[in-house]
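Architecture and fold: a report
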Amino acid sequence: MIAIGDLVRPDARFPGLASVAAVALYSILFLHAESQREVMGLVLGALVGLLALSRFDWTQRVSSSFAHHPRLLHGAVLASVITVLAVFHDQHYPLLMLATVLLYIVMCLGLNIQFGYAGVLNFAGAAFFGVGAYTSAVLAAKTGVPHLFIIVIGGGLAALIGSLLILPLLRTRGHYAALITIAFSLLFKTLIEVSDALGGPQGLKVPGLNLFGWNLNQGLAVGGVELSFYANYVVLALAMAAAAFVLTRRIERSWIGLSLDAVSLDETACATFGISVARWKILAFTIGNFLAGMAGAVYSMMTGFAHPNNYTFGDSLILVSIIILGGIGNPWGLAVAAAIMLVLPEKLQFIQEYRFLLYAVLVILILLFRPMGLLPRQVRVYFPGWRPQ
Amino acid sequence: MDPGLIAQYVANSLMLGIIYAMVAVGFTLFFGVLDVIKFSHGDVLTVGAYTGLATFLGLELAGVAAPWAQLALVALAAMAATAVLGALIGKYFVLPLRGAPALNTLLITLMLGTVLREAIHLFYPQGSNPKRFPRLLPADTVELGSFTLRLDNSILLAVGVAAIVLVHLLITRTRLGLAIRAVAQDAETARTMGINFEFIVLATFAIGSALAALAGVMNGLYYSEITFGIGLLLGVIGFSAAVVGGLGNIYGAILGGFLFAALQTLGAIVLPESAYKDVFAFAAVIVFMAWRPTGLIAEKASERV
């Protein structure tokens, strides 16, 4: 029995657990929905449900529930992803989407460290994702480098290429700095499009991921039940997303995160207090690009190709939109935003064509009316249950 | 190298340079009055070019056949439409965000540019295909040895130069220009002197956007083709040119525009494949930013702590 008193206590487990379960159930229903009418019904249902819950301060309760029981609820989130995986174990398409969302979360977490914490806005996220993708395309097809290393090399190469931008980025600020990543984003797309070695406008085929002699493109059979081969990628992407998430949270609540926040708030004050602006910007930019490159390397091996049109400036803008929509600096927010932005147009066929337009309108509305995003970033919690007074 | 070929390259880069400079002047004007980057500028240019095209088709239907009348009406319609569009963007999307961080303005106008671009892409009839832009200028050529001087390009160049000179005169010689310069220098003080701040900002947005529309029409006449995506690249190039020249400085923007065109041409000449010219130009911009972080003619900035 759950007493009413349990529900309103700030450390109640119920709001958190109930929300995780509801989101998992909703995802299953949503991925399962076939007809456009069902999907529209689910979208409207979610909107009505969220509006109703917001009248009861539900987000506040959920976040306080997460703050009091981080381990339990993080475990619940992992369990619910695995539940979704189990429900769709033999269907390719829902699992492909699930893995895509998880890999995008990895990449957006990287951009979040750059923009959300250190304040370095990166308009070339998709380009660094592309560096990873092309790394695995070239290395996996032409060399015998073990694929696990290729993923790491993909991240490393993205970080290395990103380091070429560090000097101009450190010397500039604001609009001048924005130009550098925008220019790089256009440069990268043009470069891969005209480079014959990288397949030109046709792109490159990428072989499937092979870990220790086990080809992930072959579905497993567990206890007589056939699994889709995308299940393998979901597990890998989930592991990467969890690791990136832990890394982000550790960075955020450590003194590194404090320094990064300080740098993004006021560079001059930082410099007077002996916090090295350059060091923290370099660190954040490098970690972010590394995560984006790793995600890109796995993503291209999963989809089997690397194509210039997937790494355009428009795609980078979608990544920035995800971060702003979710709430700048809030990892949970961006996870939710990534899921919405990626799955919704896949399911609602008629908005597929209009998605760039809709996202742009959505971000404009957010910037005009709710500049902190859907789930604004909370004050750091150093102890379970601690609240700013 | 053959002097005729060199002259050809120079003529081409002058032509590109004047279009880039016109876009860059817009960026620098907006930055001057409001310290913001209006990134939808490139897509406003696209809207201008498409308005011009639609006007031309409308004139064809209405039976107006004189090429000069067509040309004048096309340019005027494009400029009027984008002047209004630019002022509206300024009023409803840029001014409300004055108190927010500068990057929010950059983001909102980037997204607004996407909205304009996608709107043309989706709602203009067959918007995803390249559109043929009519040849409204005489196609006569003058042969000078191996160098072919095209009359239409010379006219475009002259029009571009005239437009920039006019804007410059407007800024330096008129009361409106005086007010614009006052707002750019110090908005607060300008207000206390009885200048209508909002009107001046919107007027600046209208002027810059009209200039972009003219650049868009010129771009269409030069290439005889427009697509919904021209604004993105031209916008980024114009922004690069304005930044390389130094934001807020009109001479810097002009210089930056020609410099970028020269870099592209240089890239096309020295690199084995001319397709790499944009890669070369953008790489040069990034390197340049490391060398001169605030552009060739740096804005005068003093930071209060």
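Criteria and thresholds
- Residues numbered from 1 in each chain as written.
- Chains lettered and ligands numbered in written order.
- Predicted model: local features only at pLDDT ≥ 70, side-chain atom pairs only at ≥ 80, totals over all residues.
- Heavy atoms only, no water.
- Core = buried A, V, L, I, M, F, W, Y, C linked by side-chain atoms within 4.5 Å.
- Buried < 20%, exposed > 50% of the residue type's maximum accessible area, 1.4 Å probe, protein only.
- Helix = DSSP H or I, 4+ residues; strand = E, 2+ residues; numbered from the N terminus.
- Contact = heavy atoms within 4.5 Å.
- Expected span 1.5 Å × (residues − 1).
- Polar contact = N/O pair within 3.5 Å; in protein donor to acceptor, adjacent residues only side chain to side chain.
- Buried area = accessible area lost by both parts, 1.4 Å probe.
- Nonpolar A, V, L, I, M, F, W, Y, C, P; charged D, E, K, R; others polar.
- Axes fitted to C-alpha atoms, helices over the stretch in contact; angles between N-to-C directions.
- Parallel < 35°, antiparallel > 145°, perpendicular 65-115°, else oblique.
- Left-handed = near helix turned anticlockwise from the far one by under 90°.

Right, let's talk about the nonpolar core for a bit. In summary, soluble globular proteins display a tendency toward joint burial of nonpolar side chains. The biggest cluster of nonpolar side chains holds 223 residues, and the ones touching the most others in it are Phe123(A) and Leu34(B). No other element matches helix H6 (residues 92-117) of chain A, which puts 17 residues into this core. Residues in contact with Phe123(A), not counting those within four places in the same chain, are Ala178(A), Thr181(A), Ile182(A), Ser185(A), Phe313(A), Ser316(A), Leu317(A), Val320(A), Leu106(B), Leu107(B) and Leu110(B). Counting residues in hydrophobic clusters, the runner-up holds six residues, among them Val20(A), Val62(A), Leu73(A) and Ala76(A).

Looking now at helix H10 (residues 250-270) of chain B. Residue and element names in this part refer to chain B. Over its 21 residues, H10 runs 30 Å from end to end, which matches the ideal 30 Å to within 8%, given 1.5 Å per residue. Turning to H10, the residues buried within the fold contact helix H1 (3-34), helix H5 (151-173), helix H9 (230-245) and helix H11 (277-291). A side-chain oxygen of the first residue of H10 lies 2.9 Å from the backbone nitrogen of Tyr251; this N-cap is Asn249.

Let us look at the side chain of Thr181(A). Residues and elements named next belong to chain A. With respect to the element layout, Thr181 can be found in helix H10 (residues 174-194). A polar contact is formed between the side chain of Thr181 and the backbone nitrogen of Phe123, at a distance of 3.2 Å. Excluding residues that lie within four positions of it along the chain, Thr181 makes contacts with Leu121, Asn122, Phe123 and Ala124.

With that out of the way, let us pick up the interface of chain A and chain B. Each partner contributes residues to the interface: chain A has 40 residues there, and chain B has 47 residues. Of the roughly 3,900 Å² buried between chain A and chain B on both sides combined, carbon and sulfur atoms contribute 81%. Sorting the residues of chain A by area buried against chain B places His175(A), Tyr176(A) and Leu179(A) first, and these three jointly supply 21% of that buried surface. Along the contact surface separating chain A from chain B lie three residue pairs in polar contact (both at pLDDT 80 or more). Within the residue set of the side of chain A that touches chain B, elements represented by two or more residues are helix H9 (166-171), H10, helix H15 (313-326) and helix H18 (355-369) of chain A. Among the residues making up the side of chain A that touches chain B, the classes are represented as 30 nonpolar, six polar and four charged.

Glancing now at the packing of H15(A) against helix H4 (residues 102-123) of chain B. Running from N to C, H15(A) and H4(B) cross one another at 130°; their axes reach a closest spacing of 12 Å. Classified by the angle between their axes, H15(A) and H4(B) sit oblique to one another. The way H15(A) lies across H4(B) gives a crossing that is left-handed. Here Phe313(A), Leu317(A), Val320(A), Ser321(A) and Ile324(A) of H15(A) come into contact with H4(B), specifically with Leu107(B), Leu110(B), Met111(B) and Thr114(B). A per-class count over the contact of H15(A) with H4(B) returns seven nonpolar, two polar and no charged.

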